[in-house]
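One-letter residues, chain by chain:
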Amino acid sequence: MATSASTAPAKASGTYRIGGDVQVDRLGYGAMQITGPGVWGDPKDPAEAVRVLRRAYELGVTFIDTADSYGPFVSELLIKEALHPYADDLVIATKAGLTRSGPGDWRPVGRPEYLRQQCELSLRHLGMEAIPLYQLHRIDEKVPLADQLGELALLKQEGKIRHIGLSEVTVEQIEAAREITPIVSVQNLYNLADRSAEDVVEYCERDDLAFIPWFPIATGNLARPGGPLDAISTEHGATPAQLALAWLLRRSPVMLPIPGTSSVAHLEENVAAAEVDLTDAEYEALAQAA
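Quick caveat, the model's predicted, so the values are computed rather than measured.

Analysis parameters
Residues numbered from 1 in each chain as written. Predicted model: local features only at pLDDT ≥ 70, side-chain atom pairs only at ≥ 80, totals over all residues. Heavy atoms only, no water. Helix = DSSP H or I, 4+ residues; strand = E, 2+ residues; numbered from the N terminus. Contact = heavy atoms within 4.5 Å. Areas by Shrake-Rupley, 256 points an atom, 1.4 Å probe, with all protein chains shown as cover. Lys, Arg positive; Asp, Glu negative; His and termini not counted. Charge placed at Lys NZ, Arg CZ, Asp CG, Glu CD. UniProt positions renumbered as here; feature names shortened; annotations may be inferred. Buried < 20%, exposed > 50% of the residue type's maximum accessible area, 1.4 Å probe, protein only. Pairing = 2+ DSSP bridges. Axes fitted to C-alpha atoms, helices over the stretch in contact; angles between N-to-C directions.

(A) Summary view of the overall build of the protein chain. Counting secondary structure elements, the protein chain contains 10 helices and 11 strands. Dimensions of the protein chain along its principal axes, counting C-alpha atoms only, are 55 × 40 × 40 Å. Of the contacts made within the protein chain by residues no fewer than 6 positions apart, 74% connect residues no fewer than 24 positions apart. By element, 51% of the accessible surface of the protein chain is carried by carbon and sulfur atoms, the whole surface being about 12,100 Å². Averaging the positions of the 25 positive and the 41 negative side-chain charges in the protein chain gives two centres separated by 4 Å.

(B) Quick look at the environment of Leu-53. Within the secondary structure, Leu-53 sits in helix 1 (residues 46-58). When the C-alpha positions of Leu-53 and Ser-262 are compared, they lie 9.1 Å apart, and in sequence the two are 209 residues distant. Apart from the residues within four sequence positions on either side, Leu-53 is in contact with Tyr-29, Ile-34, Ile-64, Leu-78, Ile-79, Ala-82 and Leu-83.

(C) Structural view of the UniProt feature "domain: NADP-dependent oxidoreductase" (unreviewed entry) in the protein chain. Residues annotated in UniProt with the feature "domain: NADP-dependent oxidoreductase" (unreviewed entry) correspond here to residues 26-288. Secondary structure within residues 26-288 divides into 41% helix and 14% strand; the distance between the first and last C-alpha atoms comes to 24 Å.

(D) Broad picture of the environment of Ala-273. Its place among the elements puts Ala-273 in the loop between helix 9 (264-271) and helix 10 (280-289). Residue class for Ala-273 comes out buried when judged on its relative accessible area of 0%. On a C-alpha basis, the gap between Ala-273 and Pro-9 in space is 8.1 Å, while along the polypeptide they are 264 residues apart.

(E) The arrangement of the sheet that holds strand 5 (residues 91-96) in detail. Overall, parallel pairing links the 7 strands, which are arranged 3-4-5-8-9-10-11 in an open sheet. The sheet is open, and its two borders are formed by strand 3 (29-30) and strand 11 (210-214), each paired with just one other strand. The pairing of strand 5 with strand 8 (residues 131-136) spans 4 bridges and is parallel. If you follow Thr-94 over to strand 8, its bridge partner there is Tyr-134. Against the sheet, helix 3 (residues 112-126) touches strand 5, strand 8 and strand 9 (161-167), its axis set at about 140 degrees to strand 8.

Encoded structure:
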């Protein structure tokens, strides 16, 4: 049965083809927050985490981003429990390259044998034969980049992953990576209040690489009473977070925001942002205010 934009609001965000052939609706879901405190261990309410994931797909979300380090593996296992066997239009992206030794502790490890092990484990935990988008979670400065990406290229050649992405990188690092293997996406910190990765966004837009902003709904002081987000929120009947997401979707056609949450109510609020249509003046006002 076809779904309308009102019953599946994420559809209003438009589509993008990752790597030219993996189509997703642009407003996705980031599955980090469905784990325990410090992104460690099981969530307090696993049943709600499953409901969130299933509801995301019902709302039209076809792009879910996770990582082996979320839990670790808790997020991937919950995705499998909630959504496997996967719908034909559902794209699950995951990452490897950050190890966990406790809550809130993240350490880059990019040794080829480790990345291969984690890919095999992600395939098992997600119940997949091939991962549509596999991202190097961090570049490990202790390991030659050619060794890290070379292993991912081998996994791609073996049919275990379809496309390769990067996370938290500079333009120079993206260019160096593309000398080794094709790169289709970049995931960096970027939001209305923190646009330090602006040059990376511009690079991705120019070369048609997906840009996946993590922490997309940070609004900082912009949402203060009487601030620019507050004023436009009142006019639209939208929350500051919805406006921040609407601004990202308007910012670039290659932008794939992945707001995360552990509650169905908050998920529904976030996804409704796809239906917020900013005027040119509002878009510019928000951009200038930040």
